[in-house]
Amino acid sequence: MGETVKQENNPPKPIILNAFDMNCAGHINHGLWTHPRDESYRFNELSYWTGLAKTLEQGLFDGLFLADITGCYDVYQHNIDVTLKESVQLPSHDPTTLVSAMASVTEHLGFGITVNLSYETPYQFARRMASLDHLTQGRLGWNIVTGYLDSAERLIGNQGLKAHDLRYEQADEFLQLCYQFWEGSWQNDAVKIDKQARIFTDPAKVKAIHHQGRFYQSDGVFQVMPSIQRTPVLFQAGASAKGLAFATQHAEAIFIEGGEKSAIKRQVETIRQLAKAQGRNPNDIKVLMGITVVTDERHDLAQAKLAEYEGYASSEAKLAHYSSSVGIDLSQYADDEVIAYQQTNSIASVNQRFRQQVTKAQLIAEHRLGGRYPLIVGDGREVAEALLTWVDETGIDGFNVTRTVTPESYEDFIQYVIPELQRRGRFKTEYKQGSLRHKLIGKGERLPSSHPVQSFRC
């Protein structure tokens, strides 16, 4: 008889959890700012954010992922009346201003900041991010976006949005220049801080960057000394062909929207294959899916809470948001009318939804709380099992958990869901030491040599 080969089972994958929020009152689940227990109207108060950061760290969340937009949602009814009345991400404030304060009251929580590179100059942006990586002790991430709103272009004096693929070509050069600043201007041991020799920095270990590109030019020395991570952890959410190529070349975490599990599994497999084709380790890219959770001690209580929340949700606010996301005024359609697919210059992946003969009423029904992410409702055990089913059946690595009523929704998740995940051995019981990158990827503070940043290192 042949020798039996013992099969070793890999341990189940622990999940990554980010809170998904925005420096505004109305983020994804629209209308819930009107709930009596919701405190998001206090988003302009520092104590609101430091309190949230402490709560998330107590619950061992990996990070706080902060969305942002430049511009406003003005496609629905060709005005911003609904956007203003329902606070559809308007007003919204700069997320980078929050990070230092939240970092000062936490030790481990990571911070993923959305910054639109289309309206930044690479040097000033790279300097700001490197400074924040110092102040957070290596807990900073950047969500790379290129924008999708014509209103943003008009704000800065342009006529309209650049073509979708051209935006990604510009983004690629933007990153190449940032990599040179973060990784190529200062050697690792350039900073001496030698008081006796009166040498703070060794001049021989600092060099100027010389870049003359299609979109950007720069000539000079980066002003910020090397931070713990040098390059912040790179997040991206591209889902179009061009977006996925860009994301799998650069990103360390890719944010996807939900759908059927079979479709999500195919999307994850595509991401891994594209990463491998670009010479990267596919497992170095973490795939995170957006979700909304309503939970309580018992199933019936969670269902009652959902019904309560639905009484405050705004379907019209959701349509105002969705209209700008796809560049189509949905107010022109009757509830039972099929929305015609139109190729637009906005979010290509979201716009694909209209290839499936969907009506406005269906859109509203699919998004009961106003957001377009999967909704999971139940007690802690039910929610934990649902989350693990998503991970185990699709290959995703974790979730961006949207807020509903704040801070209640995160407090509920921490109280009811996280203990169930921990009992199953699928979520950490303490933070490990190190930078955000090391906590997420587990391979040290710096980007690996397989990443394209390697060609820009000094």
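Residues numbered from 1 in each chain as written. Predicted model: local features only at pLDDT ≥ 70, side-chain atom pairs only at ≥ 80, totals over all residues. Heavy atoms only, no water.

**Q** Tell me about the environment of Pro11, and name the residues and values.
**A** As for its position among the elements, Pro11 is in the segment before β1 (16–22). By relative accessible area, which is 67% here, Pro11 ends up exposed. For the pair formed by Pro11 and Arg426, sequence separation is 415 residues and the distance between their alpha carbons is 9.6 Å. (Helix = DSSP H or I, 4+ residues; strand = E, 2+ residues; numbered from the N terminus. Buried < 20%, exposed > 50% of the residue type's maximum accessible area, 1.4 Å probe, protein only.)

**Q** How would you sum up the pattern of salt bridges? Please name residues and give values.
**A** Per the counting criterion, the structure on display carries 27 salt bridges. One salt-bridge network, held together by shared partners, links Arg381, Glu385, Glu420, Arg423 and Arg424. (Salt bridge = Lys/Arg side-chain N within 4 Å of Asp/Glu carboxyl O.)

**Q** Could you give an account of the pairing of strand β9 (residues 233–236), naming the residues involved and the relevant values?
**A** Side chains of β9 alternate between two faces, with Val233 and Phe235 and Leu234 and Gln236 buried alike. In terms of strand pairing, strand β4 (residues 140–145) meets β9 through four bridges, oriented parallel. Looking at the pairing, Trp142 lines up with Leu234 of β9. Pairing of β9 with strand β10 (residues 253–256), which is carried by two bridges, proceeds in the parallel orientation. Bridging from a neighbouring strand, Phe235 pairs with Ala253 of β10. (Pairing = 2+ DSSP bridges.)

**Q** Help me get a handle on the packing of helix α1 (residues 46–58) against helix α14 (residues 408–423), residues and values and all.
**A** The interhelical angle for the contact between α1 and α14, taken along N-to-C directions, is 15 degrees, at an axis separation of 10 Å. With respect to α14, the axis of α1 lies roughly parallel. The crossing of α1 and α14 is left-handed. Taking contact as the criterion, the partners of Leu52, Thr55 and Leu56 in α1 are, on α14, Tyr410, Glu411 and Ile414. The class makeup of the residues in the contact of α1 with α14 is four nonpolar, one polar and one charged. (Axes fitted to C-alpha atoms, helices over the stretch in contact; angles between N-to-C directions. Parallel < 35°, antiparallel > 145°, perpendicular 65-115°, else oblique. Left-handed = near helix turned anticlockwise from the far one by under 90°. Contact = heavy atoms within 4.5 Å. Nonpolar A, V, L, I, M, F, W, Y, C, P; charged D, E, K, R; others polar.)

**Q** Any details on the environment of Val294? Residues and values, ideally.
**A** With respect to the secondary-structure elements, Val294 resides in strand β11 (residues 286–296). Given a relative accessible area of 1%, Val294 falls into the buried group. Sequence-distant contacts of Val294, that is, excluding residues within four places in its chain, are made with Ala302, Lys305, Leu306, Tyr309, Leu369, Leu375, Ile376, Val377 and Gly378.

**Q** So what about the nonpolar core? Which residues, and what values?
**A** Residues Leu17, Phe61, Leu64, Trp142, Trp182, Ile396 and Phe399 are the most contacted members of the largest nonpolar core, which totals 83 residues. When residues in this core are grouped by element, the largest group, nine residues, is from helix α6 (residues 164–184). With residues near it in sequence (within four places) discarded, Leu64 still touches Ala19, Asp21, Trp49, Leu52, Leu56, Met102, Leu109, Gly110, Phe111 and Gly112. Membership of the second largest hydrophobic core comes to 25 residues, among which are Phe20, Ile69, Val88 and Leu288. (Core = buried A, V, L, I, M, F, W, Y, C linked by side-chain atoms within 4.5 Å.)

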